[in-house]
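Next come the chains, spelled out residue by residue.
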Amino acid sequence: TLPDDAFEHLSSLGTLEISVNNLQLISQHLLAPLVNLHTIYLNVNQLNEIHADAFAHQRNLSFVNLNGNSLSSLPKGLFQNNLNLRTLIASNNFLRRIEGNIFGIHPLMSSIDISNSGVNEIDPRFFDSFTLLHSFDARNNPCAHIQIFDVSSNNFETDSSLNECFFNWFNPTS
């Protein structure tokens, strides 16, 4: 685990790459000095906890990679201050349930990857936050508790990739 003052004098840092470091926790204060951070790679650590306010000071944050950790949840409001967030990769974790209140309103979010994370329930309010979401990758998740999948009132362009996406979602063994 990194000490809370590890990045104390790096306020101008734009990209932080701390992958493959066996980190288990991102505390409330660790990233606070990094007010200009726009890209963070926390992938392939052993993260099992991220404090709900860990990204509270990163208003420019646009890309977060949490792939390959041991996260069982993403805390309520984790990304609520990150209105520039466009990409979240949280694949290969142990998320189980995706809550509807992780983000707040995120008009720029375009890509979310929660594939291979054991997700079996997604709060229907989860999608309320996004207006420009282009990619939602939930491959290889059991999603056993999804009873309604409503994609009405959208302007989907019909093409083979969209058809394949829906076919694979509803027929995962094919």
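**Q** Go over the packing of aromatic side chains, please, and point to the residues and values.
**A** Tallied over the full model, the rule gives nine aromatic pairs. Aromatic side chains Tyr-41 and Phe-63 sit 5.3 Å apart centroid to centroid with 50° between the ring planes, which places their arrangement in the tilted category. Remark: Phe-63 occurs in strand E5 (residues 63–65) and Tyr-41 occurs in strand E3 (residues 39–41); sequence separation between them is 22 residues. Note on Tyr-41: relative accessible area 27%, which makes it partly exposed. Judged by centre distance (5.4 Å) and plane angle (15°), the ring pair of Phe-55 and Phe-79 falls under stacked. Of this pair, Phe-55 sits in the loop between strand E4 (49–50) and E5 while Phe-79 is found in the loop between E5 and strand E6 (87–89), placing the two residues 24 residues apart along the sequence. In this structure Phe-55 comes out as buried when scored by relative accessible area, which is 0%. The class for Phe-79 is buried, based on a relative accessible area of 0%. Taken together, Phe-55, Phe-79, Phe-103, Phe-126, Phe-127, Phe-130 and Phe-136 form an aromatic cluster joined through their ring pairs.

**Q** Kindly report on the nonpolar core, identifying the contributing residues and their values.
**A** Ranked by internal contacts, the top residues of the largest apolar core, which has 37 residues, are Phe-55, Leu-66, Phe-79 and Phe-103. Once residues within four sequence positions are removed from consideration, Phe-79 is found in contact with Phe-55, Val-64, Leu-66, Leu-85, Leu-88, Ile-102, Phe-103 and His-106.

**Q** I'd like a rundown of the sheet that holds E5, residues and numbers included.
**A** Pairing in this open sheet of six strands is parallel, and the strands run E1-E3-E5-E6-E8-E10 from one edge to the other. At either end of the open sheet lies a strand with only one pairing partner, and these are strand E1 (15–17) and strand E10 (135–137). If you compare each strand with its neighbour and ignore which way they point, the axes differ by 5° on average. Pairing of E1 with E3, which is carried by three bridges, proceeds in the parallel orientation.

Reading the values: rules and limits
Residues numbered from 1 in each chain as written. Predicted model: local features only at pLDDT ≥ 70, side-chain atom pairs only at ≥ 80, totals over all residues. Heavy atoms only, no water. Phe/Tyr/Trp six-rings, centres within 6.5 Å; stacked < 30°, edge-to-face > 60°. Helix = DSSP H or I, 4+ residues; strand = E, 2+ residues; numbered from the N terminus. Buried < 20%, exposed > 50% of the residue type's maximum accessible area, 1.4 Å probe, protein only. Core = buried A, V, L, I, M, F, W, Y, C linked by side-chain atoms within 4.5 Å. Contact = heavy atoms within 4.5 Å. Pairing = 2+ DSSP bridges. Axes fitted to C-alpha atoms, helices over the stretch in contact; angles between N-to-C directions.

Purely geometric numbers; function is a separate question.
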